[in-house]
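Given next are the chains, with one letter for each unit.
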Amino acid sequence: MLANKTIAFLGAGSMAESMISGVMTAGKMSPDRVFVTNRSNADRLEEIHDKYGVSAMPQSELPFEEIDLFILAMKPKGAEEALRSIKDKLNPGQVILSVLAGITTEFMEDHLNPGQQVVRVMPNTSSMIQESATAVVAGKNTSMANVELVKELLECMGEVYIIDEDQMDVFTGLAGSGPAYFYYLMENMERVGVQKGMDEETVRKIVAQTIFGAAKMVLEKEEAPTSLREKVTSPNGTTASGLEALRRYNGGEAITQAVEHAAKRSKEISEELEEGALVTS
Ligand SMILES: NC(=O)C1=CN([C@@H]2O[C@H](COP(=O)(O)OP(=O)(O)OC[C@H]3O[C@@H](n4cnc5c(N)ncnc54)[C@H](O)[C@@H]3O)[C@@H](O)[C@H]2O)C=CC1
Ligand SMILES: O=C(O)[C@@H]1CCC=N1
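Residues numbered from 1 in each chain as written. Chains lettered and ligands numbered in written order. Predicted model: local features only at pLDDT ≥ 70, side-chain atom pairs only at ≥ 80, totals over all residues. Heavy atoms only, no water.

Undergrad: Tell me what's going on with the packing of aromatic side chains, and back it up with residues and numbers.
TA: Applying the stated rule across the entire model yields one aromatic pair. Centroid distance F64 to F70: 4.7 Å. Interplanar angle 35°. Geometry classified as tilted. Judged by relative accessible area, which is 7%, F64 ranks as buried. The aromatic ring of F64 is capped on one face by K89, whose charged end is 5.1 Å from the ring centroid. (Phe/Tyr/Trp six-rings, centres within 6.5 Å; stacked < 30°, edge-to-face > 60°. Buried < 20%, exposed > 50% of the residue type's maximum accessible area, 1.4 Å probe, protein only. Lys NZ or Arg CZ within 6 Å of the ring centre and 35° of its normal.)

Here's what the structure looks like:
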């Protein structure tokens, strides 16, 4: 199904590149069916073209009628302008997919012509290596066939979860922003290793392998993190001491607050967009 479709990214930043990399690695689409545009940075378009072989050009040069799926990949504050720029060129069969934090399906539908098909998704940058956890929510006009098409596209980038739209903010806090929390954790673990005299490159690999192994255990053993944590923790041992420090310094609360704040910001972005008051993002 995907092989004979044509897609166009509006926006050529980190997220668009991660998705393009995932799709090209999966080998399910020919690069000449993948278009990418941005607002003004021609060097960036050339870079993406050189790296992935996809067709990169200004939006005005897109073969508009040939495109089945438009992917909005600019910052949320650019959404309204982007929707306005395509609204009257679209036919009812074309689908608009957004990866933008906080942009609801209703917002997209309200800014397009009646009946237009929209899909809201939340991937993460691990799409680059086909390891994203991506959520999908379809708009009210979107056909099942097009939801399946979007799913097939996103499966090139990792695992796909169909969720209710009221869960999108928390999903964004968990999985859209989530990689950054793990990178932050890794930065801090790495720093201790280096301070204690370990070689930076080696310690980076050790920390990454440790996180990777723990995540793989949860997925492959289908065992709850609590039970796996207990198996690491010997009475009066090193882990018990480390965990006690995590609790003393409110590590659990810090993680909870990170997810809650990101989810809250996602909701705020939706509200600020509705009110026309979104300044940055
Ligand atoms: N970076 C991430 O980890 C994730 C980002 N997102 C969402 O992806 C979107 C893009 O984020 P990034 O790639 O990080 O941003 P970025 O700043 O790296 O890229 C934004 C791109 O959009 C282009 N652009 C701006 N206005 C445009 C317009 N009207 N038409 C076409 N192109 C336009 C810019 O030239 C730039 O290429 C955001 O809305 C964000 O919420 C979603 C999930 C994860
Ligand atoms: O920071 C952001 O707003 C975007 C959305 C999820 C990840 N990056």
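Undergrad: Talk me through the pairing of strand β8 (residues 158-162); I want residue IDs and the actual numbers.
TA: Two elements, strand β7 (residues 132-138) and β8, share five bridges in a ladder whose sense is parallel. Bridge assignment links V136 to a residue of β8, and that residue is I162. Of the crossover connections in this fold, the one passing from β7 over helix α5 (residues 144-155) to the parallel β8 is right-handed. (Pairing = 2+ DSSP bridges. Helix = DSSP H or I, 4+ residues; strand = E, 2+ residues; numbered from the N terminus. Right-handed = clockwise from strand over helix to strand, strands pointing away.)

Undergrad: Lay out the UniProt feature "domain: Pyrroline-5-carboxylate reductase dimerisation" (unreviewed entry) in the chain with the relevant residues and their values.
TA: According to UniProt, the positions carrying the feature "domain: Pyrroline-5-carboxylate reductase dimerisation" (unreviewed entry) are residues 165-268. Here residues 165-268 runs as 83% helix and 0% strand, with 15 Å between its end C-alpha atoms. (UniProt positions renumbered as here; feature names shortened; annotations may be inferred.)

Undergrad: Quick one: what's the story with the site of ligand 2, residue by residue and with numbers?
TA: Inspection of the region around ligand 2 gives A101, G176 and S177 as its neighbouring residues. Relative to its unbound accessible area of 250 Å², ligand 2 is 45% covered by the protein chains. (Near = heavy atom within 4 Å. Areas by Shrake-Rupley, 256 points an atom, 1.4 Å probe, with all protein chains shown as cover.)

Undergrad: Describe the pattern of salt bridges, naming the residues involved and giving the relevant values.
TA: Applying the stated criterion to the full structure yields 17 salt bridges. The partner of K151 in a salt bridge is E155, with the nearest N and O atoms 3.6 Å apart. Taken together, the residues span about one helical turn, with K151 and E155 both in helix α5 at a distance of four residues. Residue E155 is classed as partly exposed on the basis of its relative accessible area, which comes to 44%. K264 is paired through a salt bridge with E268; the nearest N and O atoms lie 3.2 Å apart. Taken together, the positions of K264 and E268, both in helix α11 (residues 251-274) and four residues apart, correspond to about one turn of that helix. (Salt bridge = Lys/Arg side-chain N within 4 Å of Asp/Glu carboxyl O.)

Undergrad: How would you sum up a negative patch on the surface? Please name residues and give values.
TA: On the surface, a cluster of negative charge is contributed by E106, D110, E274 and E275. Checked against the element boundaries, E274 lands in helix α11. (Patch = residues over 30% accessible without salt bridge, like charges linked within 9 Å, V, L, I, M, F, W, Y side chains within 5 Å. Lys, Arg positive; Asp, Glu negative; His and termini not counted. Charge placed at Lys NZ, Arg CZ, Asp CG, Glu CD.)

Undergrad: For the environment of Q116, give the residues involved together with the corresponding values.
TA: Along the chain, Q116 falls in the loop between α4 (105-110) and β6 (117-122). As a C-alpha pair, Q116 and Y183 span 67 residues in sequence and 38 Å in three-dimensional space. If sequence neighbours within four positions are ignored, Q116 has contacts with L90, N91, P92, Q94, I96, E109 and N141. (Contact = heavy atoms within 4.5 Å.)

Undergrad: Requested: an account of the site of ligand 1, with residues and values cited.
TA: Lining the immediate surroundings of ligand 1 are 19 residues, of which A12, S14, M15, M74 and A101 lie closest. Between ligand 1 and G13 there is a distance of 3.4 Å, counted from an oxygen atom to a backbone nitrogen or oxygen. Contact with the protein chains covers 80% of the free accessible surface of ligand 1, which is 830 Å². Grouping the amino acids of the shell around ligand 1 by side-chain chemistry returns eleven nonpolar, five polar and three charged. (Polar contact = N/O pair within 3.5 Å; in protein donor to acceptor, adjacent residues only side chain to side chain. Nonpolar A, V, L, I, M, F, W, Y, C, P; charged D, E, K, R; others polar.)

Undergrad: Before we move on, can you summarise unusual backbone geometry with the specific residues and values?
TA: A positive phi angle is found at Q130, which is not glycine, with a value near 60°. Along the polypeptide, Q130 turns up in the loop between β6 and β7. Phi at N250 takes a positive value of approximately 60°, unusual for a residue other than glycine. Tracing the chain through its elements places N250 in the loop between α10 (238-248) and α11. For N250, a relative accessible area of 49% translates into the label partly exposed.

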